[in-house]
Amino acid sequence: MGNNLNKDLSLALQNRRRGNTEYALKILLSAFEKDPADVYVKYNLAATFGDLGYFQRALELCEELVSVKFHNFHVFLVLGRARLGLGQTEGAMKAYQRAKKYNNSEPILCREIAQLTWMMTGDKKETLKVISEFELSNFKGPSLKVLEAEILGHIQEFRKQYDLLASLMLSFPDDRQLQYLYSRSALKNREFEEALSYSSLIYENNKSNSDVTIHHLNCLMACGEEKRAKNVVESALRLHPRNQHLIAIQAIIWRILDDSRYRQLYNYDLFVHQQPLTTPSGWTNLESYLTDLEDSLNDLHRFQSHPFSQSVRQGSQVSHINKFADKALRAYEQALKKNIIEYLNRAVGKDKASSLSPSVSSAWSVKLFENGHHTNHVHQEGWLSSVCHLTPTNSQGHNNQGCLKLGEPGFWTPRNVPAEKIIKPLRGHVVIFPSYMWHGTIPLIAPAERLTIAADIILKDDI
Ligand SMILES: [Fe+2]
């Protein structure tokens, strides 16, 4: 590798580490043009494509690396991720198993194999068995058990998670990461006072960390401490004014405290619109586009269970669908953009709307199975959020099953804060709403499936 390539590579790595992934990609693409045979550039380009959801490009580069015998832990890990992103579950597992041959004590890989096992089988025992197949002796301190606790939470074994963390706390009482996880688990198990005592301690030392702050706010709200929460959220919003999760918590505090500012934010008539998706060019009518879209998405939904850390329950999720080469998937962004312009014209007026530059930041698809639902949540990184329903269910006689509900918070509170708006899914209709708006779905009761595409929209100035 020449000096210039070396410089490019280290600059790209620096930017990737800092989260400037798009810029890192630009540098790597230019380095790749200079020397397409350089395996280090090629590997980093593959990894960066994968980070950004360009799974096909990541896959092709990794396969080239494998074909020239550039075999190592990292190449097989990135190959596994790319295959998983493309819905190639068996191939992803094979790549992960090859990575494991190079390093069988790496927590990241252990977590990813456990997640893939969970997504492929939905089997709790099989998922937990993955941990026992890694080389335990190389893990230091509580980290392996912490990983086990994290996985227990993802597969909804909340009590077992809490018991495991409580026992670890006896051995490692000063471990900050452990205290944080314990507090989160206590909250999940409705041990509200216990959760708050630890969240207060952690928050005092990490006031600038938005995730720590949000957890502390969740604990305060669960204990009915809205006035304390009000001060905490106001300070946090001064540091993170665009954090939609903080705005969402503040809105519920206003609602409980009868503050009129709540209704300005949660003005459903003005800010929540349901409209038919625009037919993208290349299709003569919406129905023919929806049929193609459904076919493409059904081909990708090969999972039995949800990925870790998502709001979906009893469902399959495919991410970055706007980055796929498939014609129908690529056209979705173009179709949605026209709906966003219509939304903005109505919500803020044509003059203001014309000065805004909205852009789709991410798009993903969810297929819910029987009993499937989304827990109440917000989209922290978005500005506007959207969901397009493709196979809505007939909710008659089934308590609005599969419907979208808005306004009910995703945290515990002793106050009465029910959903305020229920939207019945209509095939080919897209619902657009602000990303700070709490939303979830009513579980599917009857045997049914519910296929949707969700997307977040940001303003170009935010990039
Ligand atoms: Fe959502």
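Quantities reported herein were computed from a predicted structural model and do not represent experimental measurements.

Parameters at a glance
- Residues numbered from 1 in each chain as written.
- Predicted model: local features only at pLDDT ≥ 70, side-chain atom pairs only at ≥ 80, totals over all residues.
- Helix = DSSP H or I, 4+ residues; strand = E, 2+ residues; numbered from the N terminus.
- Rg over C-alpha atoms; globule rule 2.2 N^0.38 Å.
- Buried ≥ 20, exposed ≤ 12 C-beta atoms within 10 Å, placed from the backbone.
- Contact = placed C-beta atoms within 7 Å.
- Domains from an automatic or database assignment.
- Nonpolar A, V, L, I, M, F, W, Y, C, P; charged D, E, K, R; others polar.
- Expected span 1.5 Å × (residues − 1).
- Arc of directions from axis to C-beta.
- Axes fitted to C-alpha atoms, helices over the stretch in contact; angles between N-to-C directions.
- Left-handed = near helix turned anticlockwise from the far one by under 90°.
- Core = buried A, V, L, I, M, F, W, Y, C linked by C-beta atoms within 7 Å.
- Pairing = 2+ DSSP bridges.

K.L.:
Even after reading the chapter, I still don't get the overall build of the chain, so can you show me in this structure?
P.N.:
Scanning the chain for helices and strands turns up 20 helices and 9 strands. For 463 residues, the compact-globule estimate of 2.2 N^0.38 gives 23 Å, and the chain sits close to it at 23 Å. For the chain, the C-alpha atoms occupy an extent of roughly 65 × 65 × 45 Å along the three principal directions. Burial status across the chain gives 42% buried among its 463 residues. At a minimum sequence separation of 6, the contacts of the chain that also span at least 24 residues come to 66%.

K.L.:
What is the right way to look at the domain arrangement of the chain in this model?
P.N.:
How large an interface is tends to be reported as the accessible area lost when its parts come together. Once the domains are mapped, the chain shows domain 1 (3-103), domain 2 (158-260) and domain 3 (272-462). On a C-alpha basis, the centres of domain 2 and domain 3 stand 28 Å from each other. The partner domain 3 presents 14 residues to the 14 residues of domain 2 that form the contact. Contributions of two or more residues to the side of domain 2 that touches domain 3 are made by helix 13 (210-222) and helix 15 (244-256). Tallying contributions element by element places helix 15 first for the side of domain 2 that touches domain 3, with 8 residues. When its residues are assigned to classes, the side of domain 2 that touches domain 3 shows 7 nonpolar, 5 polar and 2 charged.

K.L.:
I would appreciate a short explanation of helix 2 (residues 21-34) in the present structure.
P.N.:
Because an α-helix packs 3.6 residues into every turn, residues spaced three or four apart end up facing the same way. For helix 2, built from 14 residues, the straight-helix expectation of 20 Å at 1.5 Å per residue is met to within 8% by its first-to-last C-alpha distance of 20 Å. Those residues of helix 2 that fall on the buried side of the exposure criterion are Ala-24, Leu-25, Ile-27, Leu-28 and Ala-31. Take helix 2 and look down its axis: the buried residues cluster within an arc of 165 degrees, on one side only. Summarising the geometry of helix 2, the exposed residues directed more than 90 degrees from the buried face are Glu-22, Ser-30 and Glu-33.

K.L.:
Looking at this structure, I do not really get the packing of helix 11 (residues 176-188) against helix 12 (residues 192-205). What am I missing?
P.N.:
Helix packing for two helices is described by the angle between their axes and how far apart those axes are. Direction vectors running N to C along helix 11 and helix 12 enclose 150 degrees, while the axes themselves pass 8 Å from each other. In this structure, the crossing between helix 11 and helix 12 has a hand that is left-handed. Residues Arg-176, Gln-179, Tyr-180, Tyr-182, Ser-183, Ala-186 and Leu-187 of helix 11 form the contact with helix 12, whose own contacting residues are Phe-192, Glu-194, Ala-195, Tyr-198, Ser-199, Leu-201 and Ile-202. Here the residues of the contact of helix 11 with helix 12 are counted per class, giving 9 nonpolar, 3 polar and 2 charged.

K.L.:
Even after reading the chapter, I still don't get the nonpolar core, so can you show me in this structure?
P.N.:
For soluble globular proteins, nonpolar side chains are generally found buried alongside one another. Judged by nonpolar contacts, the single largest core of 126 residues is most densely connected at Ala-46, Ala-58, Cys-62 and Val-78. Contacts of Val-78, omitting those with residues within four sequence positions, involve Ala-46, Ala-47, Gly-50, Ala-58 and Cys-62.

K.L.:
Which parts of the structure should I look at to understand the pairing of strand 4 (residues 384-389)?
P.N.:
Where burial is concerned, most of strand 4 is hidden: 6 out of the 6 residues are buried. Covered by surrounding structure in strand 4 are Leu-384, Ser-386 and Cys-388 together with Ser-385, Val-387 and His-389, the residues of both alternating faces. As defined by bridge partners, strand 4 adjoins strand 7 (residues 429-434) across 6 bridges and the pair is classed as antiparallel. Counterpart to Val-387 in the pairing with strand 7 is Val-431. Strand direction decides the pairing type here: strand 4 and strand 9 (residues 450-459), joined by 6 bridges, are antiparallel. Residue pairing for strand 9: Ser-385 is matched across the bridge by Asp-456.

K.L.:
Sorry if this is basic, but what is going on with helix 9 (residues 143-154) here?
P.N.:
Between its first and last C-alpha atoms helix 9 spans 17 Å; for 12 residues at 1.5 Å apiece the expected length is 16 Å, and the two agree. Among all positions of helix 9, only Val-146, Glu-148, Ala-149, Ile-151, Leu-152 and Gly-153 are buried. Positioned one or two residues after helix 9, Gln-156 has a phi angle of 65 degrees, which is positive.

K.L.:
When you look at unusual backbone geometry in this model, what are you seeing that I'm missing?
P.N.:
Trans peptide bonds make up the majority, and among non-glycine residues the majority have a negative phi. Of note in the backbone geometry, Lys-69 takes a positive phi value of approximately 65 degrees without being a glycine. Structurally, Lys-69 is set in the loop between helix 4 (55-67) and helix 5 (73-85). A count of 7 C-beta atoms within 10 Å places Lys-69 in the exposed class. Phi angles above zero are rare outside glycine, and His-320 is one such case at about 55 degrees. With respect to the helices, strands and loops of the structure, His-320 is situated in the loop between strand 2 (312-318) and helix 19 (327-348).

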